[in-house]
Amino acid sequence: QPRCITRDLKWGTPVPLEGFQDKVFYVWFDAPIGYISITAQYTEHWEKWWKNPDNVEYWQFMAKDNVPFHSVVFPCTMLGTNQNWTMVNRLMSTEYLNYEDAKFSKSRGVGVFGNDAQETGIPADVWRFYLMYMRPESQDSAFKWEDLMMKNNSELLANLGNFINRATKFTKDNFNSTIPEMNLNNDDWEMVARVNQELSNYISLLEDAREREAITSVFSISRLGNQLMQHNTPWKLVKGSPMELARAGTVVGLSVNLACLLSVLVQPYLPTLSARLQEQLKAPPSVNVIPEQFHMMLPPGHKIGEPSPLVEEIKAATIAQLKAKYAGKQADRKEKEEAPAAPAGQDKELATKLEKEVAEQGDKVRLLKTDKAEKAVIDVEVKKLIDMKKQLGVALGQPEVAPGGKKGKKK
């Protein structure tokens, strides 16, 4: 069907035809030409990429609203020149990423943007991880502050970070920071087979540009590592017989090698964490190739460096502050910033909202206790209530009480 490629605007590329001097090209008609021109600006050998279809595989990544211009309009322009252009082979589009319960909109200032992300103090790796984890590959997804906190604390900290820190710290404390000898039993080989299965999934998913699904295989591997440590309890074995000590060495050696594998697999998602981990492992540059199968990357006798935590917990109070700060539109936020300051730390609007939620959650907990619900169910709802009260305290400008802290009685 015919499609308009001009606009009645002053800004843009003028249409070089008589009678069309007052019109410009619609931006997505001519903008893709920039892909070629920017390559030519970079190198005089640009034709090795753009006029070499037999030897170049050309992939494109974009949101779904740009698909017609890259799959039909621009390829038609290229064909119309009758030149041997490299045409797109794979076009990977995503659905929309929403912001909480609304749509991201740069023009209306709804959402949290690059400069905002930098100001939060949350590490860039955490943003990369979460946005990849929530990448809308097959359907729309939503950025949610509470979910960012939960994914960081559960997957990055409790799963990946916890396993790596246990493995490296145990090596330092019990094996003089040296990878011990490893003699694998049948259970160990079964674990290696499961790692290889996840590794195969990871590679095939990345080959197909399914980044969101691929990262789940990384966390599955770190879960296998946690299970290896938890099932074998090397902290008990090191106190036993020479045979038990040797078994502890095998478990720890396997775990540190798994940590090294993970340092390679997380590079596309968490480059800073990957570099820090490899520094702690003193891993040689040669490990930085994705292997087809899990193998010994750090041999017995290899000395690791100084272990330290790689991931920090994100507190509910921090998230409550950020969610309140980046609510609404950017213009409205600026007005709030310029308005006279409220009493230190207070956010009356958020506090009012949270007071209502705390009351409703309290009623829910009381009802569950009255109905004698299962303890596990009650515990989950009680935890939610405690988190809500913490957020309310922050909104009211009250200092956060340290775990186990008690208020002293007046004398």
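Nothing here was measured: the structure is a model prediction, and the numbers come from that model.

**Re the overall build of the protein**
Logical step 1: Each helix and strand in the protein was counted, giving 16 helices and 7 strands.
Logical step 2: Scaling as 2.2 N^0.38, a compact globule of 411 residues should have a C-alpha radius of gyration of about 22 Å, whereas the protein reaches 28 Å, well beyond that.
Logical step 3: Viewed in the frame of its principal axes, the protein has a C-alpha envelope of about 90 × 60 × 40 Å.
Logical step 4: Counting every position in the protein, which comprises 411 residues, the buried fraction comes to 41%.
Logical step 5: If you sum the accessible surface of the protein, you get close to 24,700 Å²; carbon and sulfur atoms cover 55% of it.
Logical step 6: Counting 52 positive and 52 negative side-chain charges, the protein places the averaged centre of each group 8 Å from the other.

**Topic: the confidence of the model for the protein**
Logical step 1: Counting all residues, the mean pLDDT for the protein is 88, and 91% of those residues have values of 70 or more.
Logical step 2: Taken together, the stretch residues 403–411 has pLDDT below 50 and engages in 0 contacts with residues farther than four places along the chain or on a different chain.

**Focus on the pairing of strand 4 (residues 90–94)**
Logical step 1: Looking at chain direction, strand 3 (residues 59–63) and strand 4 are connected through 5 bridges and run parallel. In the strand pairing of strand 4, Met62 is matched with Ser93.
Logical step 2: For the handedness criterion, the β-α-β arrangement of strand 3, helix 4 (residues 67–80) and strand 4 is classed as right-handed.

**Concerning empty space enclosed by the protein**
Logical step 1: Inspection of every chain in the model, using the stated rule, returns 1 cavity of 30 Å³ or more.
Logical step 2: Within this model, the largest cavity holds a volume of roughly 40 Å³.
Logical step 3: The element best represented in the lining of the largest cavity is helix 4, accounting for 4 residues.
Logical step 4: Residues of the lining of the largest cavity, tallied by class, amount to 6 nonpolar, 2 polar and no charged.

**Looking at the packing of helix 7 (residues 145–175) against helix 13 (residues 316–325)**
Logical step 1: Between helix 7 and helix 13, whose axes approach to 9 Å, the crossing angle comes to 150 degrees. Taken together, the axes of helix 7 and helix 13 are roughly antiparallel relative to one another. Handedness of the crossing formed by helix 7 with helix 13: right-handed. Contacts between helix 7 and helix 13 involve Trp145, Glu146 and Met149 from the first element and Ala316, Ile319, Leu322 and Lys323 from the second.
Logical step 2: Grouping the constituent residues of the contact of helix 7 with helix 13 by class yields 5 nonpolar, no polar and 2 charged.

**Some thoughts on the packing of helix 7 against helix 11 (residues 242–265)**
Logical step 1: Here helix 7 crosses helix 11 at 135 degrees, and the two axes come no closer than 9 Å. With respect to helix 11, the element helix 7 is oriented oblique. Classified by chirality, the crossing of helix 11 by helix 7 is left-handed. Here helix 7 contributes Leu160, Phe163, Ile164, Ala167, Phe170, Thr171 and Phe175 to the contact with helix 11, which in turn contributes Leu245, Ala248, Gly249, Val252, Ser255, Val256, Leu258, Ala259 and Leu262.
Logical step 2: Split into classes, the residues belonging to the contact of helix 7 with helix 11 amount to 13 nonpolar, 3 polar and no charged.

**Quick look at the sheet that holds strand 7 (residues 141–143)**
Logical step 1: If you walk across this open sheet you meet the 3 strands as 6-5-7, and the pairing is mixed. Looking at which strands have only one partner, the edges of the open sheet turn out to be strand 6 (102–103) and strand 7.
Logical step 2: The sheet contact formed by strand 5 (residues 97–99) and strand 7 spans 3 bridges and is parallel. Looking across to strand 7, one finds that Leu97 is bridged to Ser141.

Cut-off values and rules
Residues numbered from 1 in each chain as written. Predicted model: local features only at pLDDT ≥ 70, side-chain atom pairs only at ≥ 80, totals over all residues. Heavy atoms only, no water. Helix = DSSP H or I, 4+ residues; strand = E, 2+ residues; numbered from the N terminus. Rg over C-alpha atoms; globule rule 2.2 N^0.38 Å. Buried < 20%, exposed > 50% of the residue type's maximum accessible area, 1.4 Å probe, protein only. Areas by Shrake-Rupley, 256 points an atom, 1.4 Å probe, with all protein chains shown as cover. Lys, Arg positive; Asp, Glu negative; His and termini not counted. Charge placed at Lys NZ, Arg CZ, Asp CG, Glu CD. pLDDT = per-residue confidence, 0-100. Contact = heavy atoms within 4.5 Å. Pairing = 2+ DSSP bridges. Right-handed = clockwise from strand over helix to strand, strands pointing away. 1 Å grid on protein atoms, 1.4 Å probe; cavity = no way out; pocket = protein on both sides within 12 Å on 5 of 7 lines; lining within 4 Å. Points joined across faces, edges and corners; volume = space filled by probe spheres on them. Nonpolar A, V, L, I, M, F, W, Y, C, P; charged D, E, K, R; others polar. Axes fitted to C-alpha atoms, helices over the stretch in contact; angles between N-to-C directions. Parallel < 35°, antiparallel > 145°, perpendicular 65-115°, else oblique. Left-handed = near helix turned anticlockwise from the far one by under 90°.

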